[in-house]
Amino acid sequence: MDAIDSAYRCRRCGRRLSGRDGELSCPNCGATIPIVDGIPRFPVPDGVGDSSHETFFDRLAPVYETPVWFRPLYRFIGGATAPRDDRSTIASMLDLEAGAETACEIEGDDEDEGESEGEPEALTVLDVACGTGRIARRVAADAGAVLGVDISGEMLERAQRYAAREGVETVAFARMSADRLWLDADAFDRVACCWALHILPDVAAALDETYRVLRPGGRFVGTTLVDEYVLDLAPVRAVARGTLGAEPFTVSELREALRAAGFSAIEFDRRGAALFFRARAE
Ligand SMILES: C[S@@+](CC[C@H](N)C(=O)[O-])C[C@H]1O[C@@H](n2cnc3c(N)ncnc32)[C@H](O)[C@@H]1O
Ligand SMILES: [Zn+2]
């Protein structure tokens, strides 16, 4: 997991963090990040760590991957036309197997070729707001290394446990907020963010951070909620807002937000109130 370890960067001074004695530390400014149960716990912006989101998702963690939560909710939101398995859809949108060729193709349009020349190397993936690691585990087999980040300690502990139980060794998890990533610029080939953009308090900052950590030509893929279909109904929106703190986008709002962060080649596929998206970093 060298690719992940070398991606950790100090947000105070920009230096690479080094790991020893159960913590990560900055050799320059002395910042230290505790590693608890194998999970580095990075500082999160004021107000995020104690937000109601965290409390809600901490409580949800034990049932999140059981038959009572995600799947029925996904069918309700996605409707009859939603893909049966969003993980396969996300995995294919990430296009990990064709990664090296895609990188050449995209970069070939511009001046900057050669970065991946002769490298059949598997790609690095960041899963933002990874929850229990459903997506991270699903894509790990096709990726070189996957890092899942989330603010919920309970979600992350399960993510770690489920990955160990399934023998998935190329995935690591860290506590980090989507809008303040302790990660190097251009460190990842792909970023996924599923079912989370609509609950983030600072979407613009999270998209800026996603763009920053993606290498030029890298892809951003995910799903979010839009105010269509069931979420067009005021009572359903009220429940979504009251329980999840969800603020569904309109498709054009999300397009504008992605553009403002610098993304191009933005593609959408809406199924019910579920919006699958894909975009490219320049
Ligand atoms: C509906 S879950 C989605 C989990 C996972 N992506 C999936 O598709 O199963 C939303 C996740 O966003 C996380 N989250 C909320 N605010 C966050 C933030 N500021 N930074 C990172 N993760 C956050 C929650 O803790 C929760 O695990
Ligand atoms: Zn530092």
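Here's a quick rundown of the structure. (Residues numbered from 1 in each chain as written. Chains lettered and ligands numbered in written order. Predicted model: local features only at pLDDT ≥ 70, side-chain atom pairs only at ≥ 80, totals over all residues. Heavy atoms only, no water.)

**Examining the packing of helix α2 (residues 52-64) against helix α7 (residues 153-165)**
Thinking step 1. The interhelical angle for the contact between α2 and α7, taken along N-to-C directions, is 30°, at an axis separation of 7 Å. It follows from the interaxial angle that α2 and α7 lie roughly parallel. Where α2 approaches α7, its residues Glu-54, Phe-57, Asp-58, Leu-60, Ala-61, Pro-62 and Tyr-64 are matched on the opposing element by Gly-153, Glu-154, Met-155, Arg-158 and Tyr-162.
Thinking step 2. Looking at the contact of α2 with α7 residue by residue, the classes come out as seven nonpolar, one polar and four charged. (Axes fitted to C-alpha atoms, helices over the stretch in contact; angles between N-to-C directions. Helix = DSSP H or I, 4+ residues; strand = E, 2+ residues; numbered from the N terminus. Parallel < 35°, antiparallel > 145°, perpendicular 65-115°, else oblique. Contact = heavy atoms within 4.5 Å. Nonpolar A, V, L, I, M, F, W, Y, C, P; charged D, E, K, R; others polar.)

**Remarks on the coordination of the zinc ion (ligand 2)**
Thinking step 1. For the zinc ion (ligand 2), every protein donor is listed as Cys-10 (SG), Cys-13 (SG), Cys-26 (SG) and Cys-29 (SG), and the spread of their distances is 2.3 Å.
Thinking step 2. Coordination geometry of the zinc ion (ligand 2): the four donor atoms subtend angles of 94 to 125° at the metal centre, consistent with an arrangement described as tetrahedral.
Thinking step 3. Along the chain, the residues donating to the zinc ion (ligand 2) fall in the pattern C-x2-C-x12-C-x2-C. (Donors = N, O, S within 2.8 Å, 3.2 Å for Na, K, Ca; no water. Tetrahedral: all angles 85-135°; square planar, octahedral: opposite > 155°, others 65-115°.)

**Section: the pairing of strand β7 (residues 171-175)**
Thinking step 1. Most of β7 is tucked away, with five of its five residues classed as buried.
Thinking step 2. The side-chain alternation of β7 yields two buried faces, one formed by Val-171, Phe-173 and Arg-175 and the other by Ala-172 and Ala-174.
Thinking step 3. With five bridges joining them, strand β6 (residues 145-150) and β7 adopt parallel strand pairing. Following the sheet pairing, Asp-150 is matched in β7 by Arg-175.
Thinking step 4. A crossover connection joins β6 to the parallel β7 through α7; in handedness this β-α-β unit is right-handed. (Buried < 20%, exposed > 50% of the residue type's maximum accessible area, 1.4 Å probe, protein only. Pairing = 2+ DSSP bridges. Right-handed = clockwise from strand over helix to strand, strands pointing away.)

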